[in-house]
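Spelled out, the chains give:
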Amino acid sequence: MAAQSRKETCAEDAFVASNRQRANGWISECKPRLCLLKHERPYFVRIRQAEERRRKRTMWMYHHMPTMPFAAWCEMRRQEEAEEAAQLQSAIAGARVPNSSGKGSSSAR
């Protein structure tokens, strides 16, 4: 029986499987690790990723924010300002109430 040609040798399943296994091993040694844990990544990468997540979260919030007519917003704001002014006036009035004891605080010793 004659020796197999190179083409026949390369076509055998055992040769292809061993060659594939060898190639996969070489590729896994050479490729960069993509599944690094968070604390294993460089600091600037962690900061960049955190900023990207924050930016995406903010943009998502703005895109999904319900809209309000301007007139309704103005009316709501006027009511809030009136309530704040009333609270401020009551706080000022409460601070100006004179002491009912007469001549300052009396302390029994």
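Once a new chain begins, its residue numbering starts again from 1 and follows that chain's sequence as written. A pLDDT threshold of at least 70 governs which residues receive local features in this predicted model, and a stricter bar of 80 or more applies before side-chain atom pairs are shown or counted, although totals over entire chains, interfaces and linings include all residues. Just so you know, side-chain values use all the structure's heavy atoms and leave hydrogens and water out.

Engineer: Any chance you could explain the overall build of the protein chain here in plain terms?
Structural biologist: A count of helical and extended segments in the protein chain gives four helices and zero strands. Secondary structure is summarised from DSSP: a helix means a run of H or I of at least four residues, a strand means a run of E of at least two, and numbering begins at the N terminus for each. Along the protein chain, helices and strands appear, N-terminal first, in the series α-α-α-α. Any residue under 20% of the maximum accessible area for its type is buried, any over 50% is exposed, and the rest in between are partly exposed; the area is computed with a 1.4 Å probe on protein chains only. The 109 residues of the protein chain split such that 2% are buried. Surface accessibility of the protein chain: about 10,800 Å² in total, with carbon and sulfur atoms responsible for 59%. Note that accessible areas follow from Shrake-Rupley with a 1.4 Å probe, and for residues the cover is restricted to the protein chains shown.

Engineer: Just to check I follow, could you spell out the confidence of the model for the protein chain for this structure?
Structural biologist: Close inspection of predicted coordinates is inappropriate for parts of the model with low pLDDT. Per residue, pLDDT measures the predictor's confidence, with a range of 0 to 100. Across the protein chain, the average pLDDT comes to 85, with 86% of residues at 70 or higher. Here helix α1 (residues 6-11) is the element of the protein chain with the lowest mean pLDDT, 84, and helix α3 (residues 43-63) is the one with the highest, 95.

Engineer: Sorry, what's going on with the packing of aromatic side chains here?
Structural biologist: To describe a pair of aromatic rings, you give the distance between the ring centres and the angle between the ring planes. Ring pairs shown here join Phe, Tyr and Trp side chains whose ring centres sit within 6.5 Å, with only the six-membered ring taken for Trp; geometry is labelled stacked below 30 degrees between planes, edge-to-face above 60, and tilted in between. All chains considered together, the criterion is met by one aromatic pair. Between F70 and W73 the ring centres are 5.8 Å apart and the planes differ by 25°, which places this aromatic pair in the stacked class. Of this pair, F70 and W73 are both found in helix α4 (residues 70-95), three residues apart, which corresponds to roughly one turn of the helix.

Engineer: What is the right way to look at the pattern of salt bridges in this model?
Structural biologist: Side chains bearing opposite charge may pair, as long as their charged atoms lie close to each other. In the sections that follow, a salt bridge refers to a side-chain nitrogen of Lys or Arg positioned within 4 Å of a carboxyl oxygen of Asp or Glu. Evaluated as defined, the whole model comprises six salt bridges. For R55, the salt bridge goes to E52, with nearest N and O atoms at 2.7 Å. Of the two residues, R55 and E52 are both situated in helix α3; the distance of three residues between them amounts to about one turn of the helix. In this structure, E52 and K56 form a salt bridge, with 4.0 Å as the shortest nitrogen-oxygen distance. Here E52 and its partner K56 are both found in helix α3, four residues apart, which amounts to about one turn of the helix.

Engineer: Help me understand a nonpolar patch on the surface, please; the structure alone is not making it clear to me.
Structural biologist: Residues qualify for a patch when their relative accessible area is over 30% and they have no salt bridge, like charges being joined within 9 Å and the nonpolar side chains of Val, Leu, Ile, Met, Phe, Trp and Tyr within 5 Å. A cluster of nonpolar side chains, M59, W60, M61, Y62 and M65, forms an exposed patch at the surface whose accessible area comes to about 570 Å². Residue placement: M61 occurs in helix α3. Classification of M61 by relative accessible area gives partly exposed; the value is 41%.

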